[in-house]
Amino acid sequence: MKRWGAVVLAAVIGGALGAASLTGAASASTIPFDVDFGIVMPGEAREARVDVVVPVISTVTAAGWDEITGDGAWGAELCDAGGACTPVTELVGTTLQIDTYDLVLGVTMPETATGAATSGRGRISLEEIPELPVTGGLAATGGTLPWIAAAIGAAALGSGAAILIRRRRTGEETTR
């Protein structure tokens, strides 16, 4: 009976290792942005555009300004190739496709402000969405793949453990 416990334990370990081999951690990256408009006079507006390359399909986990110098009204928008723009502060939770985007950074000084130095620094944090394998023309959801790997690992380790226990038992019986 103890021998079957070893077989079951080996199967569970094999299943866990098989499932873990297929599920990789998603990688995270940060796209920093930095702008210095110099001295901006009252009522004046300035804008800068920066190309942002998203190399893999990703989900935005954080986005916004980290530090702003100057009393102006600050804006930041991410625009796709079609010209659709989304304020950076509204990007969290959205999915970005592989593409080159236009990041539009701007500041407008109020009429009542005095001319002041303006600069800003921020970031867009991304987490990669792993690509799903395609099988037979339909994309697999990935939900069944870890179970297949777990079953294969469990069967392999369980069979190996059973063979070792069987050999040991056969060897013990012949020496008696």
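Residues numbered from 1 in each chain as written. Predicted model: local features only at pLDDT ≥ 70, side-chain atom pairs only at ≥ 80, totals over all residues. Heavy atoms only, no water.

Caption draft 1: Looking closely at the overall build of the chain. On a plain count of helices and strands, the chain comes out with two helices and ten strands. For the chain, the proportion of its 176 residues judged to be buried stands at 28%. In the chain, 84% of the contacts between residues at least 6 apart in sequence involve partners at least 24 apart. Working note: accessible area of the chain is about 11,100 Å², and carbon and sulfur atoms make up 60% of it. (Helix = DSSP H or I, 4+ residues; strand = E, 2+ residues; numbered from the N terminus. Buried < 20%, exposed > 50% of the residue type's maximum accessible area, 1.4 Å probe, protein only. Contact = heavy atoms within 4.5 Å. Areas by Shrake-Rupley, 256 points an atom, 1.4 Å probe, with all protein chains shown as cover.)

Caption draft 2: Summary view of the pattern of salt bridges. As enumerated under the stated definition, the model contains five salt bridges in all. Here Glu47 makes a salt bridge to Arg49, at a shortest N to O gap of 3.4 Å. For the pair Glu47 and Arg49, a shared accessibility class is recorded, and that class is exposed. For Arg49, the salt bridge goes to Asp102, with nearest N and O atoms at 2.4 Å. Within this pair, whereas Arg49 is found in strand E2 (residues 45-54), its partner Asp102 is found in strand E7 (residues 99-108), the two being separated by 53 residues in sequence. The class of Arg49 is exposed, set by a relative accessible area of 53%. The network of salt bridges with common partners includes Glu47, Arg49 and Asp102. (Salt bridge = Lys/Arg side-chain N within 4 Å of Asp/Glu carboxyl O.)

Caption draft 3: Here's a closer look at the packing of aromatic side chains. Taken as a whole and assessed by the stated rule, the structure comprises three aromatic pairs. Pairing Phe33 with Trp65 gives two aromatic rings, centres 5.2 Å apart and planes at 85 degrees, and the pair type is edge-to-face. Residue Phe33 is located in strand E1 (residues 28-40), and its partner Trp65 is located in strand E3 (residues 58-69); the two are separated by 32 residues in the primary sequence. Overall, Phe33 belongs to the buried group, its relative accessible area being 4%. With a centroid separation of 5.9 Å and 35 degrees between ring planes, the pair formed by Phe37 and Trp74 is classed as tilted. On the criterion of sequence distance, the pair formed by Phe37 in strand E1 and Trp74 in strand E4 (residues 73-79) is long-range, its members being 37 residues apart. On the basis of relative accessible area, Trp74 is assigned to the buried category, the value being 17%. Three or more aromatic residues link up through ring pairs in this structure, and these residues are Phe33, Phe37, Trp65 and Trp74. (Phe/Tyr/Trp six-rings, centres within 6.5 Å; stacked < 30°, edge-to-face > 60°.)

Caption draft 4: Highlighting the confidence of the model for the chain. With 59% of its residues at a pLDDT of 70 or more, the chain shows a mean pLDDT of 77. Predicted confidence for residues 6-12 stays below pLDDT 50, and this span has nine contacts to residues more than four positions away or in other chains. (pLDDT = per-residue confidence, 0-100.)

Caption draft 5: How the structure looks around the pairing of E4. When E4 meets E7, the two strands line up antiparallel, connected through seven bridges. Bridging across to E7, Cys79 finds its partner in Asp102. Note: E4 against strand E5 (residues 85-87), three bridges, orientation antiparallel. Within E5, the residue paired with Glu77 across the bridge is Pro87. The hairpin turn running from E4 into E5, its antiparallel successor, is five residues long, and Gly83 in that turn takes a positive phi close to 90 degrees. (Pairing = 2+ DSSP bridges.)

Caption draft 6: Spatial organisation of the sheet that holds E7. One open sheet accounts for four strands, arranged E2-E7-E4-E5; its pairing is antiparallel. Edge positions in the sheet fall to E2 and E5, since each of these pairs with one other strand and no more. Within the sheet, the average angular offset between the axes of one strand and its neighbour, ignoring direction, is 25 degrees. The sheet contact formed by E2 and E7 spans ten bridges and is antiparallel. (Axes fitted to C-alpha atoms, helices over the stretch in contact; angles between N-to-C directions.)

Caption draft 7: Region of the structure containing the side chain of Asp102. Within the structure, Asp102 has its side chain in polar contact with the side chain of Arg49 (distance 2.4 Å). Apart from residues no more than four positions distant in its own chain, Asp102 is found in contact with Arg49, Val50, Asp51, Glu77, Leu78 and Cys79. (Polar contact = N/O pair within 3.5 Å; in protein donor to acceptor, adjacent residues only side chain to side chain.)

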